[in-house]
Amino acid sequence: MALVNGNYLKLKAGYLFPEIGRRVKAFSEANPDAALIRLGIGDVTEPLPQACRDAMKNAIDEMGTRDGFHGYGPEQGYAWLREAIAKHDFQSRGCDISADEIFVSDGSKCDSSNILDILGEGNRIAVTDPVYPVYVDSNVMAGRTGDANEGGQYGGLSYLPITAANDFTAPLPSSPVDLIYLCFPNNPTGAVASREQLKSWVDYALEHKALILFDAAYEAFIQDPAIPHSIFEIEGARQCAIEFRSFSKNAGFTGTRCALTVVPKGLMGTSATGEQVELWGLWNRRQSTKFNGVSYIVQRGAEAVYSEQGQAEVKALISFYMENAAIIRRELSAAGLTIYGGEHAPYVWIKTPEGMDSWGFFDHLLNKANVVGTPGSGFGAAGEGYFRLSAFNSRSNVDEAMRRIRAL
């Protein structure tokens, strides 16, 4: 008799995006002529940068020769890509991060889940609310939580509300925790964390010997030079933080798959017997055992992001999506809606109209405007009463979606 992992049975009825897909499918089947505009999931729409495409084409040609063929690569990533990442993304900002502390992977979503493989079951865990669902669901799947209550919050997790009431600033936990998930620029609210706010988190983690799991997938969208792009811009973060990054949103690699995780050497965890253990070695062993690395072709494409041409093309992509966000902000404000975010992130966070909850607003936009967004309650209890629209789409679709919403 094959037993299932009972922790999966604790998950709520459906992961947020599959539930959106179910409702959209039902609508489309009932309304086959409706021209849907999808501003829901954070999937990019614009073509890969030319520099990346050229690099991948050249890599394919290399793979067609005996001398240029590459089989299994290093599980941690090729040295030339890790060195480019270290130089351009971290050292250029004054971060003390070396190439061998960077692990190339196929997605920060994967890494933020897989990191639990090297962390113990007794950790007290804090997440923001609303929250990117993967942080919570991966802990549920791994047996790190209790059951969900009627509001959808799981026992064993400390929820830190980020709402308009606290200016979307994550409050420090009221009781000690061991693992802290932070995402800035924030998905879904679009909020950012100042240097002072991040320093307060680093200070907290150092005081309580906690570990910060910092998701910086949207750092490229930051417009204000005073806002940190990395937790490692904060003194002391090497002793208390792991950072996740991705090429998905800045360079359009959602379908190509390339990301990275930074695990500083000397960052320590504690064993059940009280022994101090370096996390770098555990993660290196985990990746070497369970991961075969990102393909040579894709890594060459990622390396091209750091070329002069690649940097210019990525900057243009970021500007395009942020212009979309500015259009969404302007048009929704003109429609009388209260909006947040969209200034340093590709997400606009909307207060739902009076008397309408987040799934109600989802159905309203779907049925009346044929526009698909994301209900805030799908990101956590504190997301109820809010709604997320993504700036990842063509300009014509964004303009048309805003026209439809303003016509309601």
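Higher on the page you've got the structure.
What counts, and where the lines are drawn
Residues numbered from 1 in each chain as written. Predicted model: local features only at pLDDT ≥ 70, side-chain atom pairs only at ≥ 80, totals over all residues. Heavy atoms only, no water. Helix = DSSP H or I, 4+ residues; strand = E, 2+ residues; numbered from the N terminus. Rg over C-alpha atoms; globule rule 2.2 N^0.38 Å. Buried < 20%, exposed > 50% of the residue type's maximum accessible area, 1.4 Å probe, protein only. Contact = heavy atoms within 4.5 Å. Areas by Shrake-Rupley, 256 points an atom, 1.4 Å probe, with all protein chains shown as cover. Lys, Arg positive; Asp, Glu negative; His and termini not counted. Charge placed at Lys NZ, Arg CZ, Asp CG, Glu CD. Pairing = 2+ DSSP bridges. Axes fitted to C-alpha atoms, helices over the stretch in contact; angles between N-to-C directions.

J.: Could you clarify how one ought to interpret the overall build of the protein chain in this entry?
T.: Scanning the protein chain for helices and strands turns up twelve helices and 15 strands. For 408 residues, the compact-globule estimate of 2.2 N^0.38 gives 22 Å, and the C-alpha radius of gyration of the protein chain, at 21 Å, lies within 12% of that figure. Here the C-alpha coordinates of the protein chain stretch approximately 55 × 55 × 55 Å along the principal axes. Residues counted as buried form 53% of the 408 residues belonging to the protein chain. Contacts spanning at least 24 positions in sequence make up 73% of the contacts within the protein chain whose residues lie at least 6 apart. Counting only carbon and sulfur atoms, one obtains 50% of the accessible surface of the protein chain, whose full area is about 17800 Å². Here the protein chain carries 37 positive and 48 negative side-chain charges, and the mean point of each set is 3 Å from the other.

J.: When you look at the sheet that holds strand β11 (residues 339-341) in this model, what are you seeing that I'm missing?
T.: Each strand in a sheet pairs with another by means of backbone hydrogen bonds, the pair being arranged parallel or else antiparallel. In space, the four strands of this open sheet follow the order β11-β12-β15-β14, with antiparallel pairing throughout. Whereas interior strands pair on both sides, the edge strands pair on one side only; in this sheet they are β11 and β14 (374-375). Note: strand β12 (residues 347-351) against strand β15 (residues 386-390), five bridges, orientation antiparallel. When the sheet's bridge partners are listed, Y347 is paired in β15 with S390.

J.: What exactly am I supposed to notice about the sheet that holds strand β7 (residues 241-246) here?
T.: Strand order in the open sheet formed by seven strands is β2-β8-β7-β6-β5-β3-β4, and the pairing between neighbours is mixed. If you trace the sheet from one side to the other, it starts and ends with β2 (102-105) and β4 (157-161), each paired once. On average, each strand axis in the sheet is inclined to that of its neighbour by 20°, with strand direction left out of account. Note that strand β3 (residues 125-129) and β4 share five bridges and pair parallel. Bridge pairing in β4 places A126 opposite S158. Against the sheet, helix α6 (residues 195-208) makes contact with β4, β5 (179-183) and β6 (211-215), and its axis sits at roughly 150° relative to β6, the strand it touches most.

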